[in-house]
Amino acid sequence: MVSSFSKRAIEIIKRVPFGKVATYGQIATYSGNSRGARQVVRLLNSSSEKENLPWYRIVNSKGNISLKHGNGYELQKSLLEKEKIEFGKNDKIDFNKYLWKPLG
DNA sequence: CAACTGACGATAG
DNA sequence: CCTATCGCCAGTT
């Protein structure tokens, strides 16, 4: 068995459906390591294009985009809005509506 | 092999 | 609420 955290994380990221978002911690947890959030970041940076990952569906635990303005932030936001995801007051995403749940 | 690096997260003040 | 700090892990330098 491979049991490689990275490979599993990639598979999981690919499973995040249209119109939903997931947190770094979520991906890490479902990949077998609840503390692997930072590895998820690495993967997004190193494999988002190769693996064709929906990197823009990954946000931080607060429901905000983690990128900096002028450095992808607006891009990610627009991509999410195209998936009908709404941003609240502080450009915050409502997890009750948009957080991805692997079961349903 | 040691140090550095991240789009994080939890905790403390 | 906000900043500061520490912990975590794997891939790079």
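Here's a quick rundown of the structure. (Residues numbered from 1 in each chain as written. Chains lettered and ligands numbered in written order. Predicted model: local features only at pLDDT ≥ 70, side-chain atom pairs only at ≥ 80, totals over all residues. Heavy atoms only, no water.)

1. Remarks on the pattern of salt bridges
Here is step 1 of the chain: Enumeration over the complete set of coordinates arrives at three salt bridges.
Here is step 2 of the chain: The shortest N-O distance in the salt bridge between Asp91 and Lys77 comes to 2.8 Å. Residue Asp91 is located in the loop between α4 (73–81) and α5 (95–98), and its partner Lys77 is located in helix α4; the two are separated by 14 residues in the primary sequence. (Salt bridge = Lys/Arg side-chain N within 4 Å of Asp/Glu carboxyl O. Helix = DSSP H or I, 4+ residues; strand = E, 2+ residues; numbered from the N terminus.)

2. A few points about helix α3 (residues 37–47)
Here is step 1 of the chain: Along α3, the positions that sit buried rather than exposed are Val40, Leu43, Leu44 and Ser47. On an axial view of α3, the arc spanned by its buried residues comes to 105°, and they lie on one face. Residues Arg38, Arg42 and Asn45 are exposed on α3 and point more than 90 degrees away from its buried face.
Here is step 2 of the chain: In this structure, the buried side of α3 is in contact with α1 (5–15), α2 (24–30) and β2 (58–59). (Buried < 20%, exposed > 50% of the residue type's maximum accessible area, 1.4 Å probe, protein only. Arc of directions from axis to C-beta. Contact = heavy atoms within 4.5 Å.)

3. Section: the layout of surface pockets
Here is step 1 of the chain: Counted as a void, the largest pocket has a volume near 250 Å³.
Here is step 2 of the chain: Together, Tyr24, Val41, Leu44, Asn45, Ser48, Trp55, Ile58, Ser66, Leu67 and Gln76 line the largest pocket.
Here is step 3 of the chain: Here the residues of the lining of the largest pocket sort into six nonpolar, four polar and no charged. (1 Å grid on protein atoms, 1.4 Å probe; cavity = no way out; pocket = protein on both sides within 12 Å on 5 of 7 lines; lining within 4 Å. Points joined across faces, edges and corners; volume = space filled by probe spheres on them. Nonpolar A, V, L, I, M, F, W, Y, C, P; charged D, E, K, R; others polar.)

4. Things to note about the protein's contact with DNA strand C
Here is step 1 of the chain: The environment of DNA strand C is formed by Ser6, Asn33, Arg35, Arg38, Gln39 and Arg42.
Here is step 2 of the chain: Backbone atoms, meaning sugar plus phosphate, form 50% of the atoms of DNA strand C positioned within 4 Å of the protein.
Here is step 3 of the chain: A distance of 3.3 Å is found between a phosphate oxygen of DNA strand C and a side-chain nitrogen or oxygen belonging to Ser6.
Here is step 4 of the chain: Taking Arg38, its side chain carries an N or O atom lying 2.9 Å from a base oxygen of DNA strand C.
Here is step 5 of the chain: Top element by residues in the surface near DNA strand C is α3. It accounts for three residues.
Here is step 6 of the chain: Class assignment for the residues of the surface near DNA strand C results in no nonpolar, three polar and three charged. (Near = heavy atom within 4 Å. Polar contact = N/O pair within 3.5 Å; in protein donor to acceptor, adjacent residues only side chain to side chain.)

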